[in-house]
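A look at the structure
Here are the chains, one letter per residue:
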Amino acid sequence: MAVRTPADIDDDDKNFCPEFTHQIFGQNENIFGYKDLKIHLYYSAAQLNYYLSKSCSEKVDPARYDGVQADDVTRMIIEKLGIHPMDNLESFVTSLGKESNFTPSGMMLHSYKTHKDGVDQQFEIYKVDMSVAGFREYHEKLQTFLWWFIDAVSYIDVDDDRWQFYLLFEKFTVDGAARYSIVGYSTVYKYYAYPNKIRPRVSQMLVLPPYQRQGHGAQLLETIYIDYRQDLDVLDITVEDPSDDFIRLRDFVDCKACMHLSSFSPECLHQGFSDQMVQEAQEKLKINKKQTRRIYEILRLRVTDESNSEQFKQYRLDIKKRLNMPYQKEKSDLEKMRKVLKPEELAATMAGHSLQERHQNLEKMFQEQMEDYRKIVERLAML
């Protein structure tokens, strides 16, 4: 829970659960020795001070079970996250009085408003690095969210000055004074690109559960893009090991931007993928060739009339031609093997490579691609 006021502590609607716990409690996500165990980890919404507590209706008695102890869950959390939480609720409530002293570090790049449930909300995105006084300590608290919401998480080396950070806050007022609540953040690493460019790579991105599915991830990613597109030293912007959710987010943001480029007009899309698309997307939007091809396929689907059999057939053949490229290389390799392998060795190698199986695999991949692409097209239709 991200706590703004003491009243939030008793408001169950403000609670949110972790997506992953195996990184704390082991692959089976089991905690031994408790009945009706409840663990509460509170963060103050702005300064990210911690309060950690646990409760249960029953705990295993070591005297009855050969000295077997219940898992020390608070110790496990503290050691894994590297935190020093308060264990006194009164002290935590008192600390909330200092939330009004908080202002975000760094430079504000973007602000925007949303309207949800009849209420206007304001949000601000800040860019910051470790040279800003106090941010290193703040980031140490902020990064602990990753353990609960990003699989296979690892902390970054903050002593490397090529890291940059983008933080998203909700801004609200209490008694006429501005207050802030953390919404999410992203880390970006500036890789070198030969001979004299940089290639920023989005590494981590997190929007906290209460704010998900509301467009904040798109706002954050678009802000990062706009920031780097203004830098003449940037070759293109890449992403490190993206999750499925992030792939969809990136596709949406990139499609939204490419829709306005002349080389992605409906007429150009129907003519097929082109060098002009690659060049314009790279020069104006810093999108690399591989991602540009994907965006082309999504946007061409958007302007394709699926009820027009000939139009959709041309689209399907175009996608399958791209999907078939690995098979063409594989076919060339198999032809070489025919000359050197014994018949029984060749038969074993050829297993699963029949023309019928290849067509089935291509159709399966195409349908999976369409399922992903249609989700982006549906979201674009809502703009």
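In what follows, the structure referred to is the one given above.
A quick note: this is a predicted structure, and the numbers were derived from the prediction, not measured.

1. Structural notes on the pattern of salt bridges
Evaluated as defined, the whole model comprises 21 salt bridges. When the shortest N-O distance is used, the salt bridge between Arg-136 and Asp-159 registers 3.1 Å. Placement of the pair is Arg-136 in helix α4 (residues 135-142) and Asp-159 in the loop between α5 (146-149) and β8 (163-174), with a sequence separation of 23 residues. On the accessibility criterion, Arg-136 (31% relative accessible area) is partly exposed.

2. Considerations on the environment of Ser-111
On the secondary structure map, Ser-111 appears in strand β6 (residues 107-116). Residue Ser-111 is classed as partly exposed on the basis of its relative accessible area, which comes to 38%. For the pair Ser-111 and Asp-159, spaced 48 residues apart in the sequence, the C-alpha separation amounts to 29 Å.

3. Some thoughts on the sheet that holds β8
With mixed pairing, the 6 strands of this open sheet are ordered in space as β6-β7-β8-β9-β10-β11. The sheet is open, and its two borders are formed by β6 and β11 (238-239), each paired with just one other strand. On the sheet, α4 packs against β7 (119-128), β8 and β9 (177-193) and is oriented at approximately 85 degrees with respect to β8. On top of the sheet, helix α6 (residues 216-229) reaches β6, β7, β8, β9 and β10 (197-207); it is set at about 165 degrees to β10, its chief contact.

4. Thoughts on the packing of aromatic side chains
Within this structure, the stated rule accounts for 21 aromatic pairs. Centroid distance Phe-102 to Tyr-180: 6.3 Å. Interplanar angle 70 degrees. Geometry classified as edge-to-face. Residue Phe-102 is found in the loop between α3 (89-95) and β6, and its partner Tyr-180 is found in strand β9; the two are separated by 78 residues along the sequence. By relative accessible area, which is 12% here, Phe-102 ends up buried. Overall, the relative accessible area of 9% leaves Tyr-180 in the buried class. Relative to Tyr-211, the ring of Phe-123 lies with its centre 6.2 Å away and its plane at 90 degrees, an arrangement referred to as edge-to-face. Of the two residues, Phe-123 is situated in strand β7 and Tyr-211 in the loop between β10 and α6; the sequence distance between them amounts to 88 residues. Here the aromatic residues Phe-102, Tyr-126, Tyr-138, Phe-169 and Tyr-180 are joined through ring pairs into a cluster of three or more. A cation over an aromatic ring shows up here: Arg-4 above the ring of Phe-172, its NZ or CZ 4.0 Å from the ring centre. When the ring centre of Phe-366 is taken as origin, the NZ or CZ atom of Lys-320, which lies over that ring, is 5.7 Å away.

Calculation criteria
Residues numbered from 1 in each chain as written. Predicted model: local features only at pLDDT ≥ 70, side-chain atom pairs only at ≥ 80, totals over all residues. Heavy atoms only, no water. Salt bridge = Lys/Arg side-chain N within 4 Å of Asp/Glu carboxyl O. Helix = DSSP H or I, 4+ residues; strand = E, 2+ residues; numbered from the N terminus. Buried < 20%, exposed > 50% of the residue type's maximum accessible area, 1.4 Å probe, protein only. Pairing = 2+ DSSP bridges. Contact = heavy atoms within 4.5 Å. Axes fitted to C-alpha atoms, helices over the stretch in contact; angles between N-to-C directions. Phe/Tyr/Trp six-rings, centres within 6.5 Å; stacked < 30°, edge-to-face > 60°. Lys NZ or Arg CZ within 6 Å of the ring centre and 35° of its normal.

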